[in-house]
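Observations on the three-dimensional arrangement
Okay, here's what each chain looks like letter by letter:
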Amino acid sequence: MSAIIEVKDLRLSIPAQGGPARPVDGVSFSLSPGECVGLVGESGSGKSLTSQTLIGLTREIPGVKIEGSVRWQPEGEQSRELLKMSERELTSVRGGEIGMVFQDPLSCLNPLFRVDYQIGEVLARHCGLKGQAAFERTVELLDSVGVPQPEQRARQYPHQLSGGLRQRVILAMTLAGEPRMLIADEPTTALDVTVQAQILRELGKLRRERGLAILFITHDLGVVAQVCDRVMVMYAGRIVEQAPVKEFFDNPRHPYSRGLLESLPTLSGDGSKLTSIPGSPPQPGSFPPGCRFCPRCDSAIAPCQTQYPPHFGDNRHSAACWLLEDSPVASSQPGKQ
Ligand SMILES: Nc1ncnc2c1ncn2[C@@H]1O[C@H](COP(=O)(O)OP(=O)(O)OP(=O)(O)O)[C@@H](O)[C@H]1O
Ligand SMILES: [Mg+2]
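Analysis parameters
- Residues numbered from 1 in each chain as written.
- Chains lettered and ligands numbered in written order.
- Predicted model: local features only at pLDDT ≥ 70, side-chain atom pairs only at ≥ 80, totals over all residues.
- Heavy atoms only, no water.
- Helix = DSSP H or I, 4+ residues; strand = E, 2+ residues; numbered from the N terminus.
- Rg over C-alpha atoms; globule rule 2.2 N^0.38 Å.
- Buried < 20%, exposed > 50% of the residue type's maximum accessible area, 1.4 Å probe, protein only.
- Contact = heavy atoms within 4.5 Å.
- Areas by Shrake-Rupley, 256 points an atom, 1.4 Å probe, with all protein chains shown as cover.
- Patch = residues over 30% accessible without salt bridge, like charges linked within 9 Å, V, L, I, M, F, W, Y side chains within 5 Å.
- Salt bridge = Lys/Arg side-chain N within 4 Å of Asp/Glu carboxyl O.
- Core = buried A, V, L, I, M, F, W, Y, C linked by side-chain atoms within 4.5 Å.
- Domains from an automatic or database assignment.
- Pairing = 2+ DSSP bridges.
- Expected span 1.5 Å × (residues − 1).
- Buried area = accessible area lost by both parts, 1.4 Å probe.
- Polar contact = N/O pair within 3.5 Å; in protein donor to acceptor, adjacent residues only side chain to side chain.
- Axes fitted to C-alpha atoms, helices over the stretch in contact; angles between N-to-C directions.
- Parallel < 35°, antiparallel > 145°, perpendicular 65-115°, else oblique.
- Left-handed = near helix turned anticlockwise from the far one by under 90°.
- Lys, Arg positive; Asp, Glu negative; His and termini not counted.

1. Let's talk about the overall build of the protein
Assigned secondary structure in the protein consists of 11 helices and 12 strands. Computed over the C-alpha atoms, the radius of gyration of the protein is 21 Å, within 12% of the 20 Å expected from 2.2 N^0.38 for a compact globule of 337 residues. Expressed as lengths along the three principal axes of its C-alpha atoms, the size of the protein is roughly 65 × 50 × 40 Å. Out of the 337 residues belonging to the protein, those deemed buried represent 52%. Of the contacts made within the protein by residues no fewer than 6 positions apart, 62% connect residues no fewer than 24 positions apart. When the accessible surface of the protein is summed, it comes to about 15,900 Å², and 50% of that surface belongs to carbon and sulfur atoms.

Shown next, in the form of structure tokens:
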């Protein structure tokens, strides 16, 4: 199936003391309709900035320079370059074709208006629904994302809702526009597991029924295993490994990915000690030369110190690590990064 979004060599440079910071530094990936791809990595690796840049939300950063290409190509339509769109065009893409649930949900709700009014605005704009029909659809949407007593909640103001409820209202509002792609940045972090499961089920249904593509940003590898088809691991502004989910958990190739997986508790409770990766990721203004994970890597070899590794492997599963250069996976075409 052809991609709905294709990101090539995306770069973001932000002026900083001592030279520009490059929190997103050559990111390439694509998503197909109905596919859910997880974007994981430690705090500060550039996940949010990557996703925000796709839909123009980092344009406002003073002095920012954005390079690369983000092609948006819904089925049956001509492809469009999102990075070159005017602010007006982008606003319409954001509200409708591409929905985004932010890490900080508070900033997306207007404190002055009731929930039904805010969701109603989206329904009027995108689905032509008004009055009672819009209210009924609002209640249906709230119910679908696990808001209890949706009729009462619809009539409330944001300050009357808990953080977890607000997060669900934002999701309902985003889904009201019937997007073709959803960017979900830590959408379930503030929620208890039952609600989280309900939201994940609802998103699964939208994928199957409407071909909704999802870029799912999370720290929770358990959720990734449960809902994603593929996973991309980000480290210091770059994707260092990408693979189908099962293959990633069975056979992670990058030492950083292995470190992330070793930090996970196992369900079997086999008593093996949890490890966390020693050290911390570099700041975007001071990436080391060579592989950016090298200073924390137990397996580093000479080239890791000086040269950034290309992706070895194939389009299904690849990782940017010099250790893979002589392994059988390298015999297939290395992915570009
Ligand atoms: N507006 C900004 N201006 C300058 N630097 C920024 C800006 N926003 C984020 N950064 C920096 O860019 C890096 C990547 O930030 P980003 O928010 O994308 O990380 P993240 O992977 O989403 O982390 P988390 O998991 O904590 O949400 C961080 O070092 C952050 O401090
Ligand atoms: Mg983030």
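Still to come is the rest of the account.
2. Some details on a nonpolar patch on the surface
There is a patch of nonpolar side chains on the surface, built from L112, F113 and Y117 and spanning about 320 Å² of accessible area. By relative accessible area, which is 43% here, Y117 ends up partly exposed.

3. Observations regarding the nonpolar core
I119, L142, L182, F216 and Y256 are the most contacted members of the largest nonpolar core, which totals 65 residues. Shared between two domains, this core holds at least three residues of each, these being domain 1 (5-233) and domain 2 (241-264 + 286-331). If near-sequence neighbours (up to four positions away) are discounted, Y256 is found in contact with G41, E42, V233, M234, Y235, V240, I277 and F293. By size, the runner-up hydrophobic cluster in this structure holds 31 residues, among which are L54, W72, L90 and I217.

4. Remarks on the pairing of strand β6 (residues 98-101)
Residues I98 and M100 line one face of β6 and the alternating positions G99 and V101 line the opposite face, and both faces are buried. Of the strand pairs in this sheet, β6 and strand β7 (residues 181-185) are connected by four bridges, and their pairing is parallel. Bridge pairing in β7 links V101 to A184.

5. Overview of helix α6 (residues 163-176)
For α6, built from 14 residues, the straight-helix expectation of 20 Å at 1.5 Å per residue is met to within 8% by its first-to-last C-alpha distance of 20 Å. Where burial is concerned, most of α6 is hidden: 13 out of the 14 residues are buried. Positioned one or two residues after α6, E178 has a phi angle of 45 degrees, which is positive.

6. Section: the domain arrangement of the protein
Segmenting the protein into domains produces domain 1 (5-233) and domain 2 (241-264 + 286-331). With 14 residues of domain 1 at the contact, the number on the domain 2 side is 15 residues. Taking both sides of the interface into account, the surface hidden between domain 1 and domain 2 amounts to around 1,200 Å²; carbon and sulfur atoms contribute 61%. For the interface between domain 1 and domain 2, the tally reads two salt bridges. Salt-bridge contacts for R292 lead to D25; the nearest nitrogen and oxygen are separated by 2.6 Å. The tally of links from domain 1 across to domain 2 stands at six residue pairs in polar contact (both at pLDDT 80 or more). The set of elements that each furnish at least two residues to the side of domain 1 that touches domain 2 consists of β2 (21-31), α8 (221-227) and β9 (230-235). Top contributing element to the side of domain 1 that touches domain 2 by residue count: β9, with four residues.

7. Thoughts on the sheet that holds strand β4 (residues 65-72)
Judged by pairing direction, the sheet is antiparallel, and its four strands sit side by side in the order β2-β1-β4-β5 without closing on themselves. Each of the sheet's edge strands pairs with one partner strand only, and the pair in question is β2 and β5 (80-81). In the sheet, β4 pairs with β5 via two bridges, with the strands oriented antiparallel. When the bridges of β5 are listed, W72 appears paired with R80.

8. Focus: the packing of helix α3 (residues 115-127) against α6
In a pair of packed helices, the angle between the axes and the distance between the axes together describe the arrangement. α6 packs onto α3 with a crossing angle of 15 degrees between their chain directions and a minimal axis gap of 8 Å. In terms of axis orientation, α3 runs roughly parallel to α6. Crossing of α3 over α6 shows right-handed handedness. On the side of α3, the interface is formed by V115, Q118, I119, V122, L123 and C127, while α6 contributes V169, A172, M173 and A176.

9. Quick look at the side chain of K47
With respect to the helices and strands, K47 occurs in helix α1 (residues 47-54). Among buried Asp, Glu, Lys and Arg side chains, K47 stands out as unpaired, with E186 the closest opposite charge at 5.3 Å. Within the structure, K47 has its side chain in polar contact with the backbone oxygen of G41 (distance 2.9 Å). Once you skip the residues sitting within four places of it in the chain, K47 turns out to touch L39, V40, G41, E42, I217, H219 and M234.

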